Amino acid sequence: MKKDFNQEYKLVLENGTQAIMKVNISVTDYSKADFGKLMSQIASTSRQAYLTIAKELKECSE
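Residues numbered from 1 in each chain as written. Predicted model: local features only at pLDDT ≥ 70, side-chain atom pairs only at ≥ 80, totals over all residues. Heavy atoms only, no water.

For the protein chain, the count of helices and strands is one helix and two strands. When the helices and strands of the protein chain are read in sequence order from the N terminus, they spell out β-β-α. Here the C-alpha radius of gyration of the protein chain, 15 Å, is well above what a compact globule of 62 residues would show, namely 11 Å. Along the first, second and third principal axes, the C-alpha set of the protein chain runs to 45 × 20 × 15 Å. Residues classed as buried in the protein chain amount to 2% of the 62 residues present. In the protein chain, 23% of the contacts between residues at least 6 apart in sequence involve partners at least 24 apart. A total of about 5800 Å² of accessible surface is found on the protein chain, and carbon and sulfur atoms cover 55% of it. Distance from the positive charge centre (9 side chains) to the negative charge centre (8 side chains) of the protein chain: 5 Å. (Helix = DSSP H or I, 4+ residues; strand = E, 2+ residues; numbered from the N terminus. Rg over C-alpha atoms; globule rule 2.2 N^0.38 Å. Buried < 20%, exposed > 50% of the residue type's maximum accessible area, 1.4 Å probe, protein only. Contact = heavy atoms within 4.5 Å. Areas by Shrake-Rupley, 256 points an atom, 1.4 Å probe, with all protein chains shown as cover. Lys, Arg positive; Asp, Glu negative; His and termini not counted. Charge placed at Lys NZ, Arg CZ, Asp CG, Glu CD.)

As defined by bridge partners, strand S1 (residues 2–12) adjoins strand S2 (residues 18–28) across 11 bridges and the pair is classed as antiparallel. Paired with Phe5 across the bridge in S2 is Ile25. Adjacent in sequence and paired antiparallel, S1 and S2 are bridged by five residues, among which Gly16 carries a positive phi angle near 100°. (Pairing = 2+ DSSP bridges.)

The next point concerns the confidence of the model for the protein chain. Overall, the predicted model of the protein chain reaches an average pLDDT of 91, with 100% of residues at or above 70. Ranking the helices and strands of the protein chain by mean pLDDT puts S1 first, with 94, and helix H1 (residues 35–61) last, with 92. (pLDDT = per-residue confidence, 0-100.)

In this section: a nonpolar patch on the surface. A surface patch of nonpolar side chains, amounting to about 320 Å² of accessible area, comprises Tyr50, Ile53 and Leu57. Examined against the element boundaries, Ile53 turns out to sit in helix H1. (Patch = residues over 30% accessible without salt bridge, like charges linked within 9 Å, V, L, I, M, F, W, Y side chains within 5 Å. Salt bridge = Lys/Arg side-chain N within 4 Å of Asp/Glu carboxyl O.)

The following block contains the structure:
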């Protein structure tokens with residue numbers, strides 16, 4: 001089974017700063033036995049991506 005997840009979120013701060021967050025995940029060969037491991041890996045990978053973005057944004061603002 002293959003399942004695609006495509007979502008988009010628009011973030012707007014009070015000062016007018018905007019960001020668009022796009023989430024695109026394709027899952028292949030899914031079985032329910034893999035659910036916990038899959039969610040753990042997605043969460044871990046997402047956290048790493050956000051930390052990378054945070055670091056780059058911080059460097060841009062200095």
